[in-house]
Amino acid sequence: MKFLMTYQGDPKAGPPSPETLQALGEYTQKNVASGVVFLTGGILRAGHGTKVKQASEKFTFTDGPFAETKELIAGFAIVNAASKEEAVEIARSFMKI
C-alpha cells in the first residue's frame, strides 16, 4: 500500500542546516533504493504560493502570503508499507533526523 506522509515545518524557522540536509538526503537515497520511499519533495513557503479556486466555470487566483501559515505543509513523501503501523514506523524514523 502507498501512504502519503506530510511534514509541517515551523514557518518562523529558517532553512535546515547543511548537516540536516545531508542526513535527509542520505536517508531518502537509502529508502528510495530499498523501495520504501516512492516519491518525496519539498513545497514552497506560503509567500510563494498561489491559491486556485473554482466556482462553477470561473477560476480565481490569489497570490500568497496567506494568513494561516502555521498549518502549511513543508514537504511530503509517498511511501510503500504493508500496513499503517509500518508507515507510522517509517514516519518515526524520518522524524528522528
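The coordinates are above.
Residues numbered from 1 in each chain as written. Predicted model: local features only at pLDDT ≥ 70, side-chain atom pairs only at ≥ 80, totals over all residues. Heavy atoms only, no water.

Sorry, what's going on with the overall build of the protein here?
On a plain count of helices and strands, the protein comes out with two helices and five strands. Secondary structure elements of the protein, listed N to C terminal, follow the sequence β-α-β-β-β-β-α. Here the protein holds 97 residues, and 14% of them are scored as buried. Across the protein, every contact between residues at least 6 apart in sequence was considered, and the portion connecting residues at least 24 apart equals 72%. (Helix = DSSP H or I, 4+ residues; strand = E, 2+ residues; numbered from the N terminus. Buried < 20%, exposed > 50% of the residue type's maximum accessible area, 1.4 Å probe, protein only. Contact = heavy atoms within 4.5 Å.)

What exactly am I supposed to notice about the environment of Asn-80 here?
Within the secondary structure, Asn-80 is located in strand β5 (residues 75-80). Taking the C-alpha atoms as reference points, Asn-80 and Phe-38, 42 residues apart in sequence, are found 6.5 Å from one another. Residues in contact with Asn-80, not counting those within four places in the same chain, are Met-1, Lys-2, Gly-35, Val-36, Phe-38, Glu-86 and Ile-90. At a separation of 2.9 Å, a polar atom in the side chain of Asn-80 contacts the main-chain carbonyl oxygen of Gly-35. (Polar contact = N/O pair within 3.5 Å; in protein donor to acceptor, adjacent residues only side chain to side chain.)

What is the right way to look at the nonpolar core in this model?
Inside soluble globular proteins, nonpolar side chains tend to come together where they are buried. Within the largest apolar cluster, nine residues are counted, these being Met-5, Tyr-27, Val-36, Val-37, Ala-77, Val-79, Ala-81, Ala-87 and Ile-90. Setting aside residues up to four positions removed in sequence, Val-36 forms contacts with Asn-31, Ile-78, Val-79, Asn-80 and Ile-90. (Core = buried A, V, L, I, M, F, W, Y, C linked by side-chain atoms within 4.5 Å.)

Can you help me understand helix α1 (residues 18-33) in this one?
Side chains of residues three or four places apart in an α-helix project in the same direction, reflecting 3.6 residues per turn. The first and last C-alpha atoms of α1 sit 22 Å apart over 16 residues, in line with the 22 Å expected at 1.5 Å per residue. Gly-35 sits one or two positions beyond α1 and adopts a positive phi of about 90°. (Expected span 1.5 Å × (residues − 1).)

Looking at this structure, I do not really get the pairing of β5. What am I missing?
Taken residue by residue, a regular strand's side chains alternate between the two faces of the sheet. In β5, alternate side chains face the same way, and those of Gly-75, Ala-77 and Val-79 are buried while those of Phe-76, Ile-78 and Asn-80 on the opposite face are not. Across six bridges, the pairing between strand β1 (residues 2-7) and β5 is antiparallel. From the neighbouring strand, Tyr-7 faces β5, where its bridge partner is Gly-75. Where strand β2 (residues 37-42) and β5 come together, five bridges link them in antiparallel fashion. (Pairing = 2+ DSSP bridges.)

What am I meant to see in the packing of aromatic side chains here?
Ring pairs (aromatic) are described by centroid distance and by the angle formed between their planes. Taken as a whole and assessed by the stated rule, the structure comprises two aromatic pairs. Plain terms: the ring middles of Tyr-7 and Phe-94 are 6.2 Å apart, the flat faces sit at 80° to each other, and that makes the pair edge-to-face. Of this pair, Tyr-7 sits in strand β1 while Phe-94 sits in helix α2 (residues 84-95); the two residues are 87 residues apart in sequence, bridging distant segments of the chain. Of the residues examined, Tyr-7 reaches a relative accessible area of 37% and is grouped as partly exposed. One aromatic cluster in this structure is built from Tyr-7, Tyr-27 and Phe-94. (Phe/Tyr/Trp six-rings, centres within 6.5 Å; stacked < 30°, edge-to-face > 60°.)

Would you explain the sheet that holds β1 in this entry?
The strands that make up a sheet are held in pairs by hydrogen bonds between backbone atoms, and each pair lies either parallel or antiparallel. Read from one edge of the open sheet, three strands run β1-β5-β2, paired in antiparallel fashion. Whereas interior strands pair on both sides, the edge strands pair on one side only; in this sheet they are β1 and β2. Ignoring strand direction, the axes of neighbouring strands in this sheet form an average angle of 10°. On the sheet, α2 packs against β1 and β5 and is oriented at approximately 30° with respect to β1. (Axes fitted to C-alpha atoms, helices over the stretch in contact; angles between N-to-C directions.)

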